[in-house]
Structures are given as structure tokens and as C-alpha cells.
Amino acid sequence: ADDARPAALAPVVSSSSTSSLASQAARKRCPEDFEFGRVLGEGSYSTVLYAREHVNNREYAVKMLDKRHIIKEKKTKYVAIEKDVLNKLAHPLIVKLYYTFQDLHSLYFVLELAKDGDMLGYIRKLGSFQLDAARFYIAEIIVAVMYLHSMGIVHRDLKPENILLDENMHIKITDFGTAKILDEPPSNSDTDPFAAGSTSASASVSSSSPSPPPPAPSSSSPSQDAGSSKRNSFVGTAEYCSPELLNDRAASKSSDVWAIGCILYHLLAGRPPFKGVNEYQTFQKIIKLDYTFPDGFPPTARDLVSSILVLDTANRPSLAEIQKHPFFDGFDWTDIHTQQAPDLR
Ligand code: ADE
């Protein structure tokens, strides 16, 4: 009102000095834009912090990655993949990436906040899930992973720790640091950034995964990267890792299906199907398909898990086939993310 500037200059000055919605949305964020709070999670390369954006009081989970550590451990490709993948995805059951920025020491991923922790926390609290709750959560995971696969992305590290829960107790799948983008340049796994040989043969794991399997003494052990093979060096978290990842290092959609079978078993039995005293023993159990069902495991769930946990990927059902299994008879798949989530008690 009492602005004495020439009228022609006013819009230019005002768009940079005030925060119009458009300029606010496009602006690159910086750490000072946020009030950081408690630690929500920690991985080997990152720390996730609760944060609030000053201008609008919005809450987020901010993943901070240490640049020096990432460069030293040659994980830059994984960080790039995580950002690229998250930028492609828009689904109510998958964590959203709002902004990225960096300062001298860190990279920052400003993520959608999932307020109710992760599924592993609920398994621990409850021992196991009631059948209806297990059916609902496996259905949500299936819907989210079908979307991922439709976007040409395989997660490769699905596990209860990576299934977060929002304030309405719906899932938000997270941690795409080990995801694989399918059929990008000539469908040749040599072009896979996870392939060994080009840089070092060091194994690659997600920020929240344990160490890769130790070099194993027997020939039936997970293959080590020789440098010229088409195999990649990635192995997911031991308990949910598929036999083909261990044997051939070949990741495909069916590796995510295997993990979903393991998660269904885990929800109902209260423990994962394959668990040895150490990672090596766990991997041995997986490649031998050495698992049993506890007494009282629901028969239709048992039938479904048995159909998923098969060594040959060609015999493993697709997610669309799993949706038609009797375990889901009468289940309403429409707009699952808007349904009332079951009470976990
Ligand atoms: N821990 C890791 N990522 C998270 C997120 N997006 N929300 C809440 N807790 C988390």
C-alpha cells in the first residue's frame, strides 16, 4: 500500500520477497527451514529424524545421509537410485519424497512421516497377528508392490522393518536404497548398477540392512562376484532373501513375491520361516527350502505360503494370482487404503 516502487517492478520484487504458493513450492529447501526432532531410525549410512517445516508446521521424516561415508563406501549409486525411484512413485501406500537438498556434509531426503512406527514393532508387541489383520496387511503390501512392479521397480528388500504405518494404521513402504529399476537400457543386467566388476566387488547393502553374507565355504553358497558375470552384488536382508538372489543374484518381481510369502508367514507364526543362528545358516535354510509350519497355522494361509515359497521362480505365483487365492476369498480389494484398518490387538 505505501509501496513507492514503480508498478512494473512490484511483481518481481514481491515474488522473491514474499512467499507466494508457487515460489514456495519450487524453492530449494535447506536445513534451516526445519526444526529437527527425535531420531526415528538409524542405518549404516543414514539417520532418519523427525522434522517440522517452519513456514507451514508440516511434519516429515528427514533421512540424512553422510556424504563422506557414502563416497568412501561407494554407495553413491544407491543413493541416486533411491532418489530416482522415489521421484517416480506416487502411491498412497508408498512413502513420498517431498524435497531433497544438501549441505557440506550431508544429503537430505525429506520424506512423508509415518507416525506409527514399523510392522516389526507391532509383531514384537503382539507376538503375531490375528488372521484378519494379517490378511489386510498382506493385501496392502500386495497392492503397493503391484504398483511398484507396474512402474518397473523391484524393491528387493521387503521386510517388516520397511513396512511403516501411518496414523490411520495404513502401510507406507519405505527404503528404496536397494531397489532395482527393471528393463532400463537394453535389458541386460550388465548395465545394472549393482553389477560387480566396474568398480569394486564389494557387496552392496541398504542403509538398514545387515552385512552381506560372509564368503561361504561350500559351493552351494551364495556366489561371489567374479567381476565378469552378469550377477549383481546385492543380497537383501537374510531372513526375507529369495533363493534366486542367493544362487544367481538375479532379482526379479518374483523375489518380492518370495518376501511377501515370508512376511505372511512371519505375521501369523510370529517368526520368519527361515532363521538360522547366523546369516550363513539362514541362507542355507533358504536354499534348501528348510522350513516348517507351527501347529495351529491357518490351513488356507499355509496353502498360500507353500505356493509362494518354492525354489523355482517359474513356479511361484504372480501377485495377481495370489489375489485370487482362497486365502483372500471375500476380501474387498477396492480402495484398500481408504478402508478402516483392523484394530491390532
Ligand atoms: N523411519 C524411517 N523412515 C520413516 C518415516 N518415513 N516415517 C517415520 N519413521 C521413519
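Residues numbered from 1 in each chain as written. Predicted model: local features only at pLDDT ≥ 70, side-chain atom pairs only at ≥ 80, totals over all residues.

Caption draft 1: Representation of the overall build of the protein chain. Secondary structure summary: the protein chain contains 11 helices and 9 strands in total. For the protein chain, with 345 residues in total, the buried portion stands at 38%. Residue pairs at least 24 apart in sequence account for 67% of intrachain contacts in the protein chain once pairs closer than 6 positions are excluded. (Helix = DSSP H or I, 4+ residues; strand = E, 2+ residues; numbered from the N terminus. Buried ≥ 20, exposed ≤ 12 C-beta atoms within 10 Å, placed from the backbone. Contact = placed C-beta atoms within 7 Å.)

Caption draft 2: Region of interest: helix 6 (residues 131-150). Over its 20 residues, helix 6 extends 28 Å from the first C-alpha to the last, a length consistent with the 28 Å expected when each residue adds 1.5 Å. Burial of helix 6 is extensive: 14 of the 20 residues sit out of reach of the surface. A positive phi of about 80° marks Gly152, the residue just after helix 6. (Expected span 1.5 Å × (residues − 1).)

Caption draft 3: Quick look at the pairing of strand 3 (residues 59-66). Judged from the 7 bridges that link them, strand 2 (residues 46-53) and strand 3 form a sheet pairing that is antiparallel. Bridged to Ser46 within strand 3 is Leu65. Counting the residues in the hairpin turn of strand 2 and strand 3 gives 5 residues, including Asn57, whose phi is positive at 65°. (Pairing = 2+ DSSP bridges.)

Caption draft 4: Seen up close, the pairing of strand 5 (residues 106-111). Burial analysis of strand 5 places 5 of its 6 residues in the buried class, the great majority of the element. Sheet topology note: the strand 3/strand 5 ladder contains 6 bridges and is antiparallel. Its bridge partner lying in strand 5, Val62 is registered against Val110. Pairing analysis gives 5 bridges linking strand 4 (residues 97-102) to strand 5, with the strands arranged antiparallel. Among the inter-strand pairings, Leu97 is bridged to a residue of strand 5, identified as Leu111.

Caption draft 5: The arrangement of the environment of Arg27 in detail. Tracing the backbone through its elements, the reader meets Arg27 in the loop between helix 2 (21-26) and strand 1 (34-42). The spacing of Arg27 and Ser242 is 215 residues in sequence and 42 Å in space, taken between C-alpha atoms.

Caption draft 6: Quick look at the sheet that holds strand 2. Read across the open sheet, the 5 strands follow the order 1-2-3-5-4; overall the sheet is antiparallel. Looking at strand neighbours, the two that pair on one side only are strand 1 and strand 4, the edges of this open sheet. The sheet shows a mean angle of 25° between the axes of neighbouring strands, direction not considered. Across 6 bridges, strand 1 lies against strand 2 in antiparallel orientation. Opposite Glu42, over in strand 2, you have Thr47 as the bridge partner. (Axes fitted to C-alpha atoms, helices over the stretch in contact; angles between N-to-C directions.)

Caption draft 7: Structural detail: the packing of helix 6 against helix 8 (residues 253-269). Remark: helix 6 packs on helix 8, axes separated minimally by 10 Å, with the N-to-C direction vectors making an angle of 170°. The angle between helix 6 and helix 8 places the two elements in the roughly antiparallel class. At the point where helix 6 passes helix 8, the crossing takes the right-handed sense. Of helix 8, the residues touching helix 6 (which contributes Ala134, Tyr137, Ile138, Ile141, Ile142, Val145 and His149) are Lys253, Asp256, Ile260, Ile263, Leu264, Leu267 and Leu268. Looking at the contact of helix 6 with helix 8, its residues break down into 11 nonpolar, 1 polar and 2 charged. (Parallel < 35°, antiparallel > 145°, perpendicular 65-115°, else oblique. Left-handed = near helix turned anticlockwise from the far one by under 90°. Nonpolar A, V, L, I, M, F, W, Y, C, P; charged D, E, K, R; others polar.)

Caption draft 8: The arrangement of the nonpolar core in detail. Membership of the largest hydrophobic core comes to 76 residues, with the highest contact counts inside it found for Val62, Tyr137, Ile141, Ile260 and Leu264. Among the elements that make up this core, the one with the highest residue count is helix 6 (12 residues). Among all residues touching Ile260, those that are not within four sequence positions of it are Ile138, Ile141, Ile142, Val145, Leu158 and Ile308. (Core = buried A, V, L, I, M, F, W, Y, C linked by C-beta atoms within 7 Å.)

Caption draft 9: Just the confidence of the model for the protein chain, in detail. When pLDDT is averaged across the protein chain, the result is 84; 79% of the residues are at 70 or more. Here residues 1-16 scores under 50 on pLDDT; set against residues more than four positions off or in separate chains, the count is 5 contacts. Of the regions scoring below 50 in pLDDT, residues 185-230 engages in 78 contacts with residues more than four places distant in sequence or in other chains. (pLDDT = per-residue confidence, 0-100.)

Caption draft 10: Quick look at the UniProt feature "binding site: ATP" (unreviewed entry) in the protein chain. With numbering aligned to this structure, UniProt lists the feature "binding site: ATP" (unreviewed entry) at Lys63. Positionally, Lys63 belongs in strand 3. The exposure class assigned to Lys63 is buried, which follows from the 28 C-beta atoms found within 10 Å. Residues within four places of Lys63 in sequence aside, it is in contact with Ser46, Val48, Phe109 and Leu111. (UniProt positions renumbered as here; feature names shortened; annotations may be inferred.)

Caption draft 11: Layout of helix 8. The end-to-end C-alpha distance of helix 8, which contains 17 residues, comes to 25 Å, matching closely the 24 Å that a straight helix rising 1.5 Å per residue would cover. In terms of burial, helix 8 is a largely internal element, 17 of the 17 residues being buried. Phi turns positive, to about 85°, at Gly270, one or two residues after helix 8.

Caption draft 12: Representation of unusual backbone geometry in the model. One non-glycine residue, Arg156, adopts positive backbone phi at about 75°. Looking at the secondary structure, you find Arg156 in the loop between strand 6 (153-154) and strand 7 (163-165). Of the residues examined, Arg156 has 28 C-beta atoms within 10 Å and is grouped as buried. The phi torsion at Met169 lies on the positive side, around 65°, for a residue other than glycine. With respect to the helices and strands, the residue Met169 is situated in the loop between strand 7 and strand 8 (171-173).

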